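# Reading the structure
These are the residues of each chain, in order.
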Amino acid sequence: QGSLLYLDALGAAFPRALSHRGTALLRWSPGCRRAPTGWPLPTLYCTPAAVGALPSRSAVLRVQLLFALRQRALNVLEAGLAAELHDALAVLRAEWPQMAQELALGRLRAQPGLPEAVRSQLQALLTPDAVRAAELRTECARGFEGIVRRLWPQLEVVVVGSAHGTERLYCDTLRQADCQGLPFYCPFYQVAGALLGVNLWPEEPVSQFLLCPDWAFCEFLPYPAEEEPRTMLLDELWEGREYGLVVTAQPGEYRCRTGEVLRVAGFHKQCPMVEPVRRESQKLSVRGESIPEDQFYQSLCRALGMWPGARLVDYVCVESSLLGDSSGPCAPHYEVFVELQGLRDLSEGQRYKLDQCLQEDFPVYKSFRFKGSIGPLHLHLVGSGAFARLREALGSPVPMPRVLREEKLLRLIQGSVIS
C-alpha cells in the first residue's frame, strides 16, 4: 500500500521517473535482497539486486556506483540513506580514474569484501564502453561541483530513505555541492520498525508526511512535556504545535514512546501532515543543560561561517566522561570531532568560536561555563574518510548517531585525529 502511494506520487511529479531501468540504487542492506519500497522491482532498477546484501558496505556502494555510471540515461538516483549517496560519491572523487578504466575494459576488479564468486557473476553483466569511460574522465577532470547532473543529464530527482535528523547534514552537503539543482524526495516516515506516514509531495523542499491511520496506532504527547501528560489522538492535534510520538506498531506489541518529536505542518483533508523535528535521546548534557542535537548543529553551522573557506563534511560530539582520563583534568566538557573540506587547520581563536556560539545560543550552558562547572569545549579535526570508516564499523544500515556514546566507535574516530 505504501509502495504504491510512493510510486504514484513519484510518477505524477516526475513523468520519466518510472521508466524501464531508469533508477540507480545505492543501498547497503545486508541479509535483505528486496528493494527499499519493500518489494522487488527488477524492471525499475539498473543496478544488480543481489549485490546490496553483501556484508561489506564499502564494496556494495562501489559496485552499485559502477553499474550506475554505465547508465547515462538515468532518471532517478535512489539511496537507502543520504549518507550512502554521500559515501558513494566520495568513492567517485577518490577512484574515478580506476572506475573509468573498469568501464572502458568492461572488467570489475577484485576488491576487499567482494567474494570472487559474486564478482564473476557481476563481471558477466559488464561490457566494454570506451565512450562512457571518456565522458567520466572528462567530467571528473572538470571538478566535482554539480558532478551528479553532469554525469547523468536526464536525472530528475534524488530519492533518499531519510532526509531529517542525523541525515539532514548529508542532504545539505549534497545539495550544495555534488547534487546542485536536484530535488531530494524522502517518501516514507518510519519509526520503531513501523511505517507511519508517506510523503505525497515529492517537489516540496521540506519533507511532510501524511500519517496513515491504519498502518500503526499512534498517540501524541504535548511537547514540551506537561506535568500530567494525557495522550492525544489524530483528531486532537493542532497545526503548528509539537508532539512526542507514542506508537503501538502491530497487534500484541508493546506501546512505547519513540523519542521522536513531530511538528504538525497542516492537514490533508482531515489527516495531519507532520515534520520530524528531533529525537529526544540525542542530547548533550554533562551538567543537566540538555542541548538537543539539532540545535547543536545550528550552532556548529554558525561557527562554520566564521571559518573562511571551510565546508563541513561530518561531525560527532561526545561528553568528556566517555574519554576518561584522556580528556584531561578540566571540568566536564564537550569533545567535538569534525571533518572539514577547504581548511587544513584551525587557530585557537577559530576553535573557540564554537564554544562562543553555544554560549550565545544556550543561556544555561553559558551560566555553567561562567561558573566553571562546565569546561571549555575541545574541538578536533579528523582526517578525510574518518566518518565513512565509522559508518562501516557501525555494521548496520541505520543513521549514525551525532551524539556518540560508544567507546569502541570513539576510539576509531580518535585514531583519525590530525589536530
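The structure presented is a predicted model; accordingly, all values stated were derived computationally and were not measured.

Definitions and limits used
Residues numbered from 1 in each chain as written. Predicted model: local features only at pLDDT ≥ 70, side-chain atom pairs only at ≥ 80, totals over all residues. Heavy atoms only, no water. Helix = DSSP H or I, 4+ residues; strand = E, 2+ residues; numbered from the N terminus. Rg over C-alpha atoms; globule rule 2.2 N^0.38 Å. Buried < 20%, exposed > 50% of the residue type's maximum accessible area, 1.4 Å probe, protein only. Areas by Shrake-Rupley, 256 points an atom, 1.4 Å probe, with all protein chains shown as cover. Lys, Arg positive; Asp, Glu negative; His and termini not counted. Charge placed at Lys NZ, Arg CZ, Asp CG, Glu CD. Contact = heavy atoms within 4.5 Å. Phe/Tyr/Trp six-rings, centres within 6.5 Å; stacked < 30°, edge-to-face > 60°. Lys NZ or Arg CZ within 6 Å of the ring centre and 35° of its normal. 1 Å grid on protein atoms, 1.4 Å probe; cavity = no way out; pocket = protein on both sides within 12 Å on 5 of 7 lines; lining within 4 Å. Points joined across faces, edges and corners; volume = space filled by probe spheres on them. pLDDT = per-residue confidence, 0-100. Pairing = 2+ DSSP bridges. Domains from an automatic or database assignment. Buried area = accessible area lost by both parts, 1.4 Å probe. Salt bridge = Lys/Arg side-chain N within 4 Å of Asp/Glu carboxyl O. Polar contact = N/O pair within 3.5 Å; in protein donor to acceptor, adjacent residues only side chain to side chain. Nonpolar A, V, L, I, M, F, W, Y, C, P; charged D, E, K, R; others polar.

### Observations concerning the overall build of the protein chain
Along the protein chain, the regular secondary structure elements total twelve helices and 16 strands. A globule of 419 residues ought to have a C-alpha radius of gyration of about 22 Å, and the protein chain, at 23 Å, matches this closely. Along the three orthogonal principal directions, the C-alpha set of the protein chain runs to about 65 × 55 × 35 Å. Per-residue burial for the protein chain yields a buried fraction of 52% across its 419 residues. Roughly 19100 Å² of accessible area belongs to the protein chain as shown, and the carbon and sulfur atoms make up 53% of that amount. Counting 44 positive and 46 negative side-chain charges, the protein chain places the centres of these two groups 6 Å from one another.

### Points about the environment of Glu239
Within the secondary structure, Glu239 sits in the loop between β8 (217–222) and β9 (242–248). Classification of Glu239 by relative accessible area gives exposed; the value is 54%. A C-alpha to C-alpha distance of 5.0 Å links Glu239 and Val264, two positions 25 residues apart in sequence. Apart from residues no more than four positions distant in its own chain, Glu239 is found in contact with Val264, Ala265, Gly266 and Phe267.

### Observations concerning the packing of aromatic side chains
Applying the stated criterion across every chain yields a total of seven aromatic pairs. Aromatic side chains Tyr297 and Tyr315 sit 6.0 Å apart centroid to centroid with 5° between the ring planes, which places their arrangement in the stacked category. Within this pair, whereas Tyr297 is found in helix α8 (residues 293–304), its partner Tyr315 is found in strand β14 (residues 311–319), the two being separated by 18 residues in sequence. Classification of Tyr297 by relative accessible area gives buried; the value is 7%. These aromatic residues form a ring-pair network of at least three members: Tyr6, Tyr185 and Phe188. Residue placement shows Arg402 over the ring face of Tyr315; its charged tip is 5.1 Å from the ring centre.

### Let's talk about the layout of surface pockets
Each pocket or cavity is described by its volume, and for the second largest pocket that value is around 820 Å³. Around the second largest pocket, the lining comprises 39 residues; the ones closest to its centre are Ala90, Glu339, Ser384, Gly385 and Ala388. Of all the secondary structure elements, the ones that give two or more residues to the lining of the second largest pocket are α2 (57–70), α3 (82–105), α7 (168–176), β14, β15 (334–341) and α11 (386–394). It is α3 that provides the largest number of residues to the lining of the second largest pocket, a total of eight residues.

### Section: the confidence of the model for the protein chain
Put simply, the protein chain has an average pLDDT of 89, and 96% of its residues get 70 or more. Considering only residues more than four positions removed or in separate chains, one finds that residues 35–39, a stretch of pLDDT under 50, has twelve contacts.

### Describing the sheet that holds strand β2 (residues 76–79)
A sheet is described by the order of its strands in space; here four strands give the open sequence β1-β2-β3-β4, paired in parallel fashion. Pairing within the sheet leaves two strands with one partner each, and these edge strands are β1 (23–26) and β4 (184–185).

### Side note on the domain arrangement of the protein chain
In terms of domain boundaries, the protein chain breaks down into domain 1 (1–186), domain 2 (208–279) and domain 3 (283–415). Here domain 1 and domain 3 have C-alpha centroids that lie 31 Å from each other. At the interface, 20 residues of domain 1 touch 17 residues of domain 3. Each partner contributes to the roughly 1600 Å² buried at the junction of domain 1 and domain 3, and carbon and sulfur atoms together form 51% of this total. One can count two salt bridges joining domain 1 with domain 3. Between Asp87 and Arg391 there is a salt bridge; the shortest N-O distance is 2.4 Å. Taken together, the links from domain 1 to domain 3 amount to ten residue pairs in polar contact (both at pLDDT 80 or more). Counting residues per element, the ones that place at least two in the side of domain 1 that touches domain 3 are α2, α3 and α7. With six residues, α7 is the largest single contributor of residues to the side of domain 1 that touches domain 3. Looking at the side of domain 1 that touches domain 3, its residues break down into seven nonpolar, six polar and seven charged.

### Observations concerning the pattern of salt bridges
What the rule picks out here adds up to 31 salt bridges. The salt bridge involving Arg175 is made with Asp172; its shortest N-O contact spans 3.7 Å. With Arg175 and Asp172 both in helix α7 and three residues apart, the pair spans about one turn of that helix. Overall, Arg175 belongs to the partly exposed group, its relative accessible area being 30%. A salt bridge links Arg255 to Glu219; its shortest N-O distance comes to 2.7 Å. In this pair, Arg255 sits in the loop between β9 and β10 (256–268) while Glu219 sits in strand β8, placing the two residues 36 residues apart along the sequence. Arg255 sits in the exposed class, given a relative accessible area of 52%. By sharing partners, the salt bridges in this structure join Arg57, Asp87, Asp314, Arg391 and Arg402 into a single network.

### With respect to the pairing of β15
Taking burial as the measure, the eight residues of β15 include seven buried ones, the bulk of the element. Pairing between β14 and β15: eight bridges, direction antiparallel. Note that in β15 the partner of Val316 across the bridge is Phe337. Pairing analysis gives four bridges linking β15 to strand β16 (residues 378–381), with the strands arranged parallel. Opposite Phe337, over in β16, you have His380 as the bridge partner.

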